[in-house]
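# Structural overview for review
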Amino acid sequence: VKKYLTANSGFDDAAWRAMRFMVFDLPAEPGDFDHRLQVLQRLLPIKAIPWLEPVRQERATTADAFRRQLDATVRAGGEGLMLHRGSSLYGAGRS
């Protein structure tokens, strides 16, 4: 939080403008994940809201492809990957 606050002005506008809101699903949209992803890709990005971005989604068709993507994500500083089944309906709560 200190990164976004300054002693003199209260808020560091440039730091706040650098923040992004990343969208990876549309839980209120009916249908399975593949359908919700298609709708999301049609909706975003929105030029008037540059800080709102869709998360890049990739399919891993083999265990090796998944492992390579996971390793690359972790090396780049990511925490991991989120797995989805394309035919999955949205369910509120933790799984």
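Figured I'd write up the structure that's included with this text. Not measured: the values here are computed from a predicted model. (Residues numbered from 1 in each chain as written. Predicted model: local features only at pLDDT ≥ 70, side-chain atom pairs only at ≥ 80, totals over all residues. Heavy atoms only, no water.)

What follows covers the pattern of salt bridges. In total, this model carries four salt bridges according to the counting rule given. Residue Arg36 pairs with Asp25 through a salt bridge whose shortest N-O separation is 2.7 Å. Taken together, the residues span a long stretch of sequence, with Arg36 in helix 2 (residues 33–43) and Asp25 in the loop between strand 1 (21–23) and helix 2 at a distance of 11 residues. Both residues of the pair, Arg36 and Asp25, count as buried. Here Glu58 and Arg56 are joined by a salt bridge, their closest N and O atoms 2.0 Å apart. Its relative accessible area of 64% is what places Arg56 among the exposed residues. (Salt bridge = Lys/Arg side-chain N within 4 Å of Asp/Glu carboxyl O. Helix = DSSP H or I, 4+ residues; strand = E, 2+ residues; numbered from the N terminus. Buried < 20%, exposed > 50% of the residue type's maximum accessible area, 1.4 Å probe, protein only.)

Of the positions making up helix 2, those classed as buried are Phe33, Arg36, Leu37, Val39 and Leu40. The buried side chains of helix 2 occupy one side of the element, clustering within an arc of 160° when seen end-on. As for helix 2, its buried residues are in contact with strand 1 and strand 2 (52–54). (Arc of directions from axis to C-beta. Contact = heavy atoms within 4.5 Å.)

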